[in-house]
Structures are given as C-alpha cells and as structure tokens.
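The residues making up each chain are set out below.
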Amino acid sequence: MALYDKTAHELHELLTTKKISAAELTGEVLARVDEVEDKIGAYLTITRDKATAQAKAVDDKINRGETIAPLEGIPCAIKDNICTKGIKTTCASKILENFVPPYDATAYKKLSDSILIGKTNLDEFAMGSSTENSAFHTTHNPHDLERVAGGSSGGSAAAVAGGEAIFSLGSDTGGSIRQPASFCGVIGFKPTYGRVSRYGLVAFASSLDQIGSFTHDVTDCALVLNAICGHDEMDSTSSAAPVPDFTKALVADVKGLKIGLPKEYFVKGIDPEIESAVRNVAKKYEELGAEIIELSLPHTEYAIATYYLIAPAEAATNLERYDGVSYGARVDGADVVEMMTNTRTEKFGAEVKRRIMIGNYALSAGYYDAYYLKALKVRTLIQKDFTDAFKKVDLILTPTTPNVSFKVGEMISDPLKMYLQDICTVPVNLAGLPGISIPCGFTKDKLPIGFQLIGKALDEATILKASFAYEVSC
Ligand code: GLN
C-alpha cells in the first residue's frame, strides 16, 4: 500500500520507528498531488515549500531523539475558509481572492505540527453541496471523475479519498462535512456545536457552523478530535466542558447500546440502495449486541425550510462586512454607495447573492415574525424531538444523504433540489449535536454510500465507540 493511502496512526508508527522519514512521506504525498490534482481539483492553494520545510523540521526532531505528537509530521489539508496566517484564505470567493489572514484559526493552530499540503476547495463561503459554487473550479469525485465530491467541504473530502492528504479539516453548517464524506467514501465527523473553536473560521451561519475532520478510519478521527477540541477564550461560544481522550472510546463493544432508527429518515425519496445499506448496518449492530429501536422525530419535515431561513439570515448579516472597505476586493464607483454596490455585485457569486437576498428578506420589518422568528420556534421543536429521542436511545442511525454522488452539472440549475441534499444532515446542526458519516458499501455503480450516527450533545465518545465497533466488524 502506498504511504499516501495509509492512516495517520500507521504513519506515526513508521515515523517513530524510523522506517520512513517525514521528508519521504511528504514527498510521496506531493508526488501524488502532482499525479492526480489535475483531474480531482481538491486544492485552491498548494503549500509545497512550507510542507517541505516542515517535514525537515520534524525529521530533525526525530533524529535528535525527541518524541513527536500523534499527528506531528502527518500531511494534512485545510478547508479554505479556515484562516492560515500568511497563506491565502479565499473561501472560494472572488471577494477574498487575495486575502492573506494575519492570524491562524485556533483549530489549525492546534494542528500546526502536522504538515500542511494546502488549502482545499469549497462552495463559495461554504454555501452549497457540490463545490460547483466555488468561484474557481469544481472538485471531482476520486471514485468517479464525472461526479461531484459533494460540498461544501468537497475539496477536503476528495483530498483524503484521492490520497492527496492523510487527513483534513472541513466545516459543517448543514452537512458540509458529512455529505462529502459519504460521497467520497471517507469518514467525516462534525462535533457538537462549540466543541471546536470557531475563531478564524470565516463565518457563514454562526449558530450552526462547526469545524470537523475527514479521515480514513475511526482511530484517526479520534486523534484529530483530540487535537482540535476544547475551550478557546477567543470564541465565547466554545464549550468549557472537559475534553476526554477520545482514543479511550475506541473499544469495539456495543452490547446493550440503544440505537434509534427514526422513521422519517427512511421514506420515499431516499435511494433504495442507500436504504438497504443502512438497514444492513442496523442489522450488523444488532448482531453485535446493540438494541435497535424504531422511533420518530416528528418535525424532521420542517428542517430544510427552517435551515434555509436561519442560515441565510445569519449569512446575510455575516457577509455585510465584505463592503470593499474593511476586507478583500474593491471595485471602484463614483461614490461610496456605488463602490459597495459594484464590489458586491461583481465579486459575489449567484448562490451567495441568493442567500443574502433570502436572509435579508426573512429579517426585514414586516417579515421577521412570519419567517425568521417562526424558523427559530421550529428549530426549538426540532431540538426537542432529539431531546425526547435521547431519553430512549444512546445514538440515532440514519442515511447521511438521500442519494449518492451526482454528475457535475446535474443539479446546479435547480437550487431547491440541491437544498434537499441536506435533508438528513441539517437537523443535526439545528440541534447542535455531534454526527459522523461512515462508509457502508457501494451502489451497483460502485459509488460510495454512507450512514450517519447522531449522538447526544458532547457525547462524541459514544459515536466513536459505535463507529469503531462497526469498522472492526467489517
Ligand atoms: N449544503 C448546505 C448549504 O448549502 C450546507 C452547507 C454547509 O454545511 N456549509 O447551506
């Protein structure tokens, strides 16, 4: 097996026993990037020189006999809406095309001893499900290059699936980690809202945004969580709860665990091949000793409408700062109003403008009560569905997506159809809960299928335990 297809924990072992060097490993990953990046398009920026210098520093440390951290010297990729000091962070938008942050996002800073291969593609400002809304290019699925890698963190998912990084970070506001993970056949984890600091994550919808990981296996997922979770004084919404050692949860034992199957996630509109794969996962858990309990999350049908009011409302507010003055690009005009209008008209893409308009409409006087306030109330009902369900079960099992990866161009002209992509993932963000997507086989067309496990707030450990048990049993 090539080094670029190995897991971080396998590579750590090879590094510490000096069977390979960090320079060799980084060289192999960069050679893989040279080989496949033309076809996949996972990256917006490749940080080759930084990677090479970092690898040398790690090798020097190993040669001095010093110990290295579990992810030290491991090649990684970071979504291009996570700030990296001195390295362009564009959000795949023309408005930030040349933006170089003066500081690091906390999550990236905590990984600064991993080797940064580059910054990955996304839908502009993380709005989308296919990376087709990137102002620069579309990322293709390594399993079928005619198809999308998913979105918005499609570049981060494809980088890991295509061997262009060992692990990566993405962000998930309505499914942007879990959906591309399921499309690309890798593991994607969105922690509880607040588990990972949002400091330096360019804001899309601040009450929903969360940073998380893409990895080849559950052990790597636990290692990345160990590195990035924790309170941060720079983000007042980050959780003060103690962070356990997530590798301790890697025990393949689900005996007595109660896993709920919500009937609203197994309805018409879900690809039958996905439904049967996820039902097989439930069977597997039963064989392993878990108890499967059918349940109902009755407000699920309102989740998309709720999300597509709350997220655009927050986005419209957050994106006000791109005014041609404080950040990013400026297009001149006769006066300040014309300058701001020209800047925003020329530099934002169509989907971002659509969201700004929906958001401002929902927030405007006269409509606020009917749309935004009502959406907030429904959000509370959706949260309550989960609170009630978690009185009966420890975890909830669902498909990650209603369909597998689609062809590039197939959905881009139908935003509503694209929004329905998020049906299984947005309720989790609305409730602020942790969720993982795990590969569970392929369709007859050889496209990856993923299942989702949703946990109680701050109970990432139980998700990891059940995920590990499934992985070991396969
Ligand atoms: N696809 C969803 C959207 O377009 C989710 C995006 C995300 O999680 N960043 O808003």
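One can find the structure itself at the top, above this paragraph.
Conventions adopted
Residues numbered from 1 in each chain as written. Predicted model: local features only at pLDDT ≥ 70, side-chain atom pairs only at ≥ 80, totals over all residues. Heavy atoms only, no water. Near = heavy atom within 4 Å. 1 Å grid on protein atoms, 1.4 Å probe; cavity = no way out; pocket = protein on both sides within 12 Å on 5 of 7 lines; lining within 4 Å. Sits in = over half its atoms within 2 Å of the grid points. Nonpolar A, V, L, I, M, F, W, Y, C, P; charged D, E, K, R; others polar. Core = buried A, V, L, I, M, F, W, Y, C linked by side-chain atoms within 4.5 Å. Buried < 20%, exposed > 50% of the residue type's maximum accessible area, 1.4 Å probe, protein only. Helix = DSSP H or I, 4+ residues; strand = E, 2+ residues; numbered from the N terminus. Points joined across faces, edges and corners; volume = space filled by probe spheres on them. Polar contact = N/O pair within 3.5 Å; in protein donor to acceptor, adjacent residues only side chain to side chain. Phe/Tyr/Trp six-rings, centres within 6.5 Å; stacked < 30°, edge-to-face > 60°. Lys NZ or Arg CZ within 6 Å of the ring centre and 35° of its normal. Axes fitted to C-alpha atoms, helices over the stretch in contact; angles between N-to-C directions. Parallel < 35°, antiparallel > 145°, perpendicular 65-115°, else oblique. Contact = heavy atoms within 4.5 Å. Salt bridge = Lys/Arg side-chain N within 4 Å of Asp/Glu carboxyl O.

**Some details on the site of the ligand**
Around the ligand lies a shell of 15 residues, among which T173, G174, S176, Y307 and R355 are the nearest. With respect to the detected pockets, the ligand is housed in the largest cavity. Tallied by class, the residues present in the shell around the ligand amount to five nonpolar, seven polar and three charged.

**Topic: the nonpolar core**
Of all hydrophobic cores here, the largest spans 146 residues; its most connected members are F125, Y285, F386 and F451. When residues in this core are grouped by element, the largest group, 10 residues, is from helix α9 (residues 303-318). Membership of the second largest hydrophobic core comes to five residues, among which are V148, F183, F406 and M418.

**Some details on empty space enclosed by the protein**
Counted under the stated rule, the structure contains one cavity of 30 Å³ or more. Counted as a void, the largest cavity has a volume near 80 Å³. Considering the residues around the largest cavity, the lining is formed by A126, G128, S129, G151, G174, G175, S176, F204, Y307, Y308, R355 and D422. For the lining of the largest cavity, the per-class residue count stands at four nonpolar, six polar and two charged.

**Regarding the environment of D445**
Among the secondary structure elements, D445 is positioned in the loop between β12 (435-442) and β13 (448-455). D445 sits in the exposed class, given a relative accessible area of 56%. Considering only alpha carbons, one finds D445 and T300, 145 residues apart in sequence, at a separation of 30 Å.

**Quick word on helix α7 (residues 218-228)**
Counting buried residues in α7 gives nine out of 11 residues, a clear majority hidden from the surface. One side-chain oxygen at the N-terminal end of α7 lies 3.4 Å from the backbone nitrogen of T219; it belongs to D217. Once α7 ends, the next one or two residues include G230, with phi positive near 130 degrees.

**Some details on unusual backbone geometry**
Of the consecutive residues G151 and S152, the connecting peptide bond is found in the cis state with omega at 5 degrees. Relative to the helices and strands, S152 is located in the loop between β5 (144-148) and α5 (154-161). A positive phi angle, near 65 degrees, is found at L458, a position not held by glycine. Along the chain, L458 falls in the loop between β13 and α15 (460-473).

**Some thoughts on the packing of aromatic side chains**
Taken as a whole, this structure holds 17 aromatic pairs when the rule is applied. Measuring from centroid to centroid gives 6.0 Å for F99 and Y327, while their planes differ by 70 degrees, and the two rings are edge-to-face. Separated by 228 residues along the polypeptide, F99 in the loop between β2 (75-79) and α4 (106-109) and Y327 in the loop between α9 and α10 (336-347) bring together distant segments of the chain. Among the aromatic residues, ring-to-ring pairing joins F99, F125, Y322, Y327 and F348 into one connected group. It is R279 that lies over the ring of F266; its NZ or CZ is 4.5 Å from the centre.

**Overview of the packing of α9 against helix α11 (residues 350-363)**
How two helices sit against one another is set out by the angle between their axes and by the gap between those axes. The N-to-C vectors of α9 and α11 enclose an angle of 100 degrees; their axes lie 7 Å apart at closest approach. If you check the angle between α9 and α11, you find them roughly perpendicular. Every residue of α11 that contacts α9 at Y308, L309, P312, A313, A316 and T317 is listed here: R355, I356, I358, G359, N360, A362 and L363. In terms of residue class, the contact of α9 with α11 is built from nine nonpolar, three polar and one charged.

**Details of the pattern of salt bridges**
Applying the stated criterion across every chain yields a total of 17 salt bridges. For E35, the salt bridge goes to R32, with nearest N and O atoms at 3.6 Å. Of the two residues, E35 and R32 are both situated in helix α2 (residues 22-40); the distance of three residues between them amounts to about one turn of the helix. On the accessibility criterion, E35 (48% relative accessible area) is partly exposed. With its nearest N and O atoms 3.1 Å apart, the salt bridge here joins K56 to D60.

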